[in-house]
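Single-letter residue listing:
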Amino acid sequence: MAANHTQPERELHEAGTSAPAGAADMAQQLRGENAAVRELLLALSVGFTLPGPLPGELAHKLESPDSPGLDAVVNRAEASGLLLTDGTVVGPAQHALLNGTPTARVHALQRELVGFVSAEGQPFGDLARELARGGLADPRVAAELEAAADKALQHNPGLAAQLYGEALLAGANELRIAARRAQAAAATGDLDAAGRIIDGLLVSSDPPDVRLGVDVAASVWAQRGLLVRSADLYAWLGPANMGRSAPLAAVAMIGSGDRAGAEEAFPAGSAPVSPTLLAVALSQTGKGVMESMERDPHKGLPLLIHASDMLNASGSALPLPDTPGALAALVALHSGESHVADTIIRSAVAARQGGDAAKPRLHLLQAWSAMQRDDAGEARLAINEASKANHWPLVPRDEFLCAALEVGLARRSGDVHDLVMAWERAREAMLHTAVDLYSLLPWGELMIAAARLRETRRVAHYLDEAWVLLTKLGEPPLWAVPLHWAAVQAALLNKSPADLAPHAAALVRASEYSHMAAVFAAAGKAWVSVLAGRFQATDVENAARGLKVVGMPWEGARLAGHAAAQADERRDMMRLLACARDLHPQGGTAGPPAGPSPEVRRGAAENNHGAHPDASGLSEREKEVARLVLEGKTYREIGEAIYISPRTAEHHIARMRRRLGAENRSDLLVRLRLALTADHPGQDGATAAPSHETGKPLMRGIRVRGHNPMPGPYEGP
């Protein structure tokens, strides 16, 4: 008799891989005495487990006098091959049962199962997710999924986003979870989804959890590079509804130039809303930013460092317009404390401050700190870390910062082609962002690059917005001084005394409150004297070394090197060249280093004029000079780039011409290119970079001593 029961079930098992046909076969074959087997397999497919409890109807049948009993039904199911010994229904049979049973019947069994689990007080676990994906709408399942999503939101926002979506499938209230769902979406880089969810929340008549919703939206706008929209959101929310978000409102409003609004939202002396690490960290962040606005801003940096440390300890990934670690690093960079900025950022990165969404910005600020310290290699590594930090692309704010970094590194390397390419990327990036207080460093870098490339018109209106912003905030020295210094450098490049004067005066006025302003004022004065050809070597050296003290050794080396090229006395020239080498030891070669270290090569150049050619026919120093010649540099520019005198550069070029047997300038350029290609056979050699405006080579030839035409677009500080 048992064989008669199991034979059709084995046939069903073989046919069950096709869901529709398998369901029909099962419905036809599991009848009569086998109906109990079917009911048991269906219950187990829904999620019930052995030994029970089982659905009420099935349990009642199994307890009737005519029933063979649970054990016998289980044995039949196992003998059929449809039920494994661990109580699991085989996949094809389970699929056929669920698809061949009316949906209402399946959902009724699932609700009964949910009732049993709830009555026992047990968590649903993965069962809740399966039920939701299967289409069961039940408030108990929705609540379970919502609670699981809330728990995952801080440490695994990707999982939280999935759980919130499944909670909606199970019937969760869309508005009630909108703010948290948007937070999860933003934390996984989906700014568009987060924005759409928040829009749906904010247009409702009585939005629940509105403060968190505003925090998320403000964070999204800030990442888009539109901090003024963040400030508008907090103004819409109103001071009475801000609660613990008041310091965040102050950060957004200060950053967009609304100091009065910030003071109303977060009045002086405001206490944290609770004694928790997170609440205190937010309060200290707001206070630190407010302090940075004062004439004496020295209290701001410690407050922001404390805030960063406390947020690190809290482990919170609350959505923020900007993290305290990033703000502290910016204040340190604006104060000339690039090493402090680096330390702050390393701690924030290690603690995953702000979650994955904040990671690229922290790495990019670390790169900026390295660039200011003249460590291009470290800056490149940090940029790479930022680019690969997440599986999604850089958000517009970070893309803009990254593009400005590429411009800064190209400008410092002296590679014209790289500078032009980086400038094109920056032009695209700036179209997607707006000016705010926390982006003044990259705007300053782009101001200088624009002056070098004769592209000032491209950034003029952005810079106008920056000056208006600073004026609205009362010209806070900490934030204004670096931008004034950038404007001085741009004016020097543009040879515009009228443009230089107001910024030089601003630096002098700020010197009373800012040591950095005093250093920049002295450096600006030194640059003017050098370009005018009337300077004292001691004053220039002091100004150059002062720039190194405030974290700008490259700028100091450029000043000293340029002055050395203009010095009338050999003693002054050698003194300033030594100063430039001291401030910028690696020099500024235009190609990859090869052979001995730069210091060894310089020693050889000074002692024996680099007279040890290799197979290419050129010494290491001559290769450096050759690369610069092929870039179109003049004697003076070559000297400034590698800190030798213009006359020494001229001697190197004359020696190369004799050694290579070049008959004229064109022949020399060809032979130099071939020599460098032979030295690096895997490369094409150094070639003249195309002009950004004309497309013609930037090969301006070798300047004849005694002639001094107007400087080209890539000369100057």
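Residues numbered from 1 in each chain as written. Predicted model: local features only at pLDDT ≥ 70, side-chain atom pairs only at ≥ 80, totals over all residues. Heavy atoms only, no water.

Moving on: the overall build of the protein. Helix and strand counts for the protein stand at 37 helices and zero strands. Here the protein holds 717 residues, and the buried ones make up 55% of them. Long-range pairs, those at least 24 residues apart, make up 65% of the contacts in the protein between residues at least 6 apart in sequence. Accessible surface for the protein amounts to roughly 30100 Å². Of this, 54% is attributable to carbon and sulfur atoms. (Helix = DSSP H or I, 4+ residues; strand = E, 2+ residues; numbered from the N terminus. Buried < 20%, exposed > 50% of the residue type's maximum accessible area, 1.4 Å probe, protein only. Contact = heavy atoms within 4.5 Å. Areas by Shrake-Rupley, 256 points an atom, 1.4 Å probe, with all protein chains shown as cover.)

Let us now look at the environment of Glu 130. Along the polypeptide, Glu 130 turns up in helix α8 (residues 126-133). With 83 residues separating them along the chain, Glu 130 and Gly 47 place their C-alpha atoms 9.3 Å apart.

Another aspect to go through is unusual backbone geometry. Here the amide bond leading from Leu 50 into Pro 51 is cis, since omega sits at 10°, within 30 degrees of zero. One non-glycine residue, Asp 209, lies in the positive phi region at around 55°. By the secondary structure assignment, Asp 209 is in the loop between α12 (191-202) and α13 (210-223).

When pLDDT is averaged across the protein, the result is 83; 85% of the residues are at 70 or more. Predicted confidence for residues 587-612 stays below pLDDT 50, and this span has 42 contacts to residues more than four positions away or in other chains. Counting contacts from residues 682-716, a segment whose pLDDT is below 50, to residues more than four positions away or on other chains yields 78 contacts. (pLDDT = per-residue confidence, 0-100.)

Before going further, it helps to examine the nonpolar core. Residues Tyr 234, Ile 254, Leu 437, Tyr 438, Leu 446 and Trp 479 are the most contacted members of the largest nonpolar core, which totals 118 residues. In this view, Tyr 438 contacts Leu 227, Val 251, Ile 254, Gly 255, Val 289, Asp 322, Leu 327, Leu 330, Arg 361 and Trp 479; residues no more than four positions away in its chain are not counted. Leu 42, Leu 44, Val 117 and Val 141 belong to the second-largest nonpolar core, a separate cluster that totals 45 residues. (Core = buried A, V, L, I, M, F, W, Y, C linked by side-chain atoms within 4.5 Å.)

Tracing the backbone shows Ser 219 in helix α13. Taking the relative accessible area as the measure of exposure, Ser 219 reaches 6% and is therefore buried.

What follows deals with the environment of His 652. Considering the arrangement of structural elements, one finds His 652 in helix α36 (residues 646-660). Classification of His 652 by relative accessible area gives buried; the value is 2%. Separated by 31 residues in the primary sequence, His 652 and Arg 621 place their C-alpha atoms 8.4 Å from one another.

Here the focus is the pattern of salt bridges. Inspection of the entire model under this criterion finds 36 salt bridges. One salt bridge in this structure joins Asp 582 and Arg 545, with 2.7 Å as the shortest N-O distance. Residue Asp 582 is located in helix α32 (residues 570-583), and its partner Arg 545 is located in helix α30 (residues 537-549); the two are separated by 37 residues in the primary sequence. Arg 621 is the partner of Glu 624 in a salt bridge, and the nearest nitrogen-oxygen pair spans 2.5 Å. On the criterion of helical spacing, the pair formed by Glu 624 and Arg 621 is a turn pair, its members being three residues apart in helix α34 (residues 620-630). Comparing Glu 624 with Arg 621, the two get one shared label, buried. Put simply, Glu 39, Glu 57, Lys 61 and Arg 105 are held in one network by salt bridges that share partners. (Salt bridge = Lys/Arg side-chain N within 4 Å of Asp/Glu carboxyl O.)

This part covers the packing of aromatic side chains. Summed over the entire model, instances satisfying the criterion amount to five aromatic pairs. Residues Tyr 438 and Trp 479 carry aromatic rings whose centres are separated by 5.7 Å and whose planes lie at 65° to one another, so their mutual orientation is edge-to-face. Residue Tyr 438 is found in the loop between α24 (416-430) and α25 (440-452), and its partner Trp 479 is found in helix α27 (residues 477-494); the two are separated by 41 residues along the sequence. Each member of the pair, Tyr 438 as well as Trp 479, carries the same accessibility label: buried. Ring centres of Trp 485 and Phe 520 lie 4.9 Å apart, and the angle between their planes is 0°; this geometry places the pair in the stacked category. Here Trp 485 is found in helix α27, whereas its partner Phe 520 is found in helix α29 (residues 515-532), with 35 residues between them in sequence. (Phe/Tyr/Trp six-rings, centres within 6.5 Å; stacked < 30°, edge-to-face > 60°.)

To continue, consider the packing of helix α22 (residues 376-387) against helix α23 (residues 396-413). It is at 11 Å that the axes of α22 and α23 come closest, and there the two elements cross at 160°. By the criterion of interaxial angle, the relationship of α22 to α23 is roughly antiparallel. Two packed elements cross with a definite hand, and for α22 against α23 that hand is left-handed. Contact with α22, carried on its side by Ala 376, Ala 379, Arg 380 and Ile 383, involves Cys 402, Leu 405, Glu 406 and Leu 409 of α23 and no other residues of that element. (Axes fitted to C-alpha atoms, helices over the stretch in contact; angles between N-to-C directions. Parallel < 35°, antiparallel > 145°, perpendicular 65-115°, else oblique. Left-handed = near helix turned anticlockwise from the far one by under 90°.)

Turning our attention to the packing of α34 against helix α35 (residues 635-642). Closest axis-to-axis distance for the α34/α35 pair is 10 Å, and the angle between their directions is 130°. Classed by the angle they form, the pair α34 and α35 counts as oblique. The way α34 lies across α35 gives a crossing that is right-handed. For the pair formed by α34 and α35, the contact residues are Arg 621, Glu 624, Val 625, Leu 628 and Val 629 on the first element and Ile 638, Ala 641 and Ile 642 on the second. A per-class count over the contact of α34 with α35 returns six nonpolar, no polar and two charged. (Nonpolar A, V, L, I, M, F, W, Y, C, P; charged D, E, K, R; others polar.)

This brings us to the side chain of Glu 445. Considering the arrangement of structural elements, one finds Glu 445 in helix α25. Setting aside residues no more than four positions away along its own chain, Glu 445 makes contact with Trp 368, Met 371, Ala 404, Val 407, Gly 408, Arg 411 and Arg 412.

Right, let's get into α34. Here α34 lies mainly inside the structure; 10 of its 11 residues are buried. Turning to α34, its buried residues are Arg 621, Glu 622, Lys 623, Glu 624, Val 625, Ala 626, Arg 627, Leu 628, Val 629 and Leu 630. Remark: Gly 632 follows α34 within two positions and exhibits a positive phi of approximately 90°.

With that settled, the discussion passes to the environment of Pro 239. Relative to the helices and strands, Pro 239 is located in the loop between α14 (227-237) and α15 (246-255). Since its relative accessible area comes to 39%, Pro 239 is described here as partly exposed. Measuring from C-alpha to C-alpha, the distance between Pro 239 and Ala 262 comes to 9.6 Å, with 23 residues separating the pair along the chain. In this structure Pro 239 touches Glu 264 and Ala 265, once residues within four positions along its chain are discounted.

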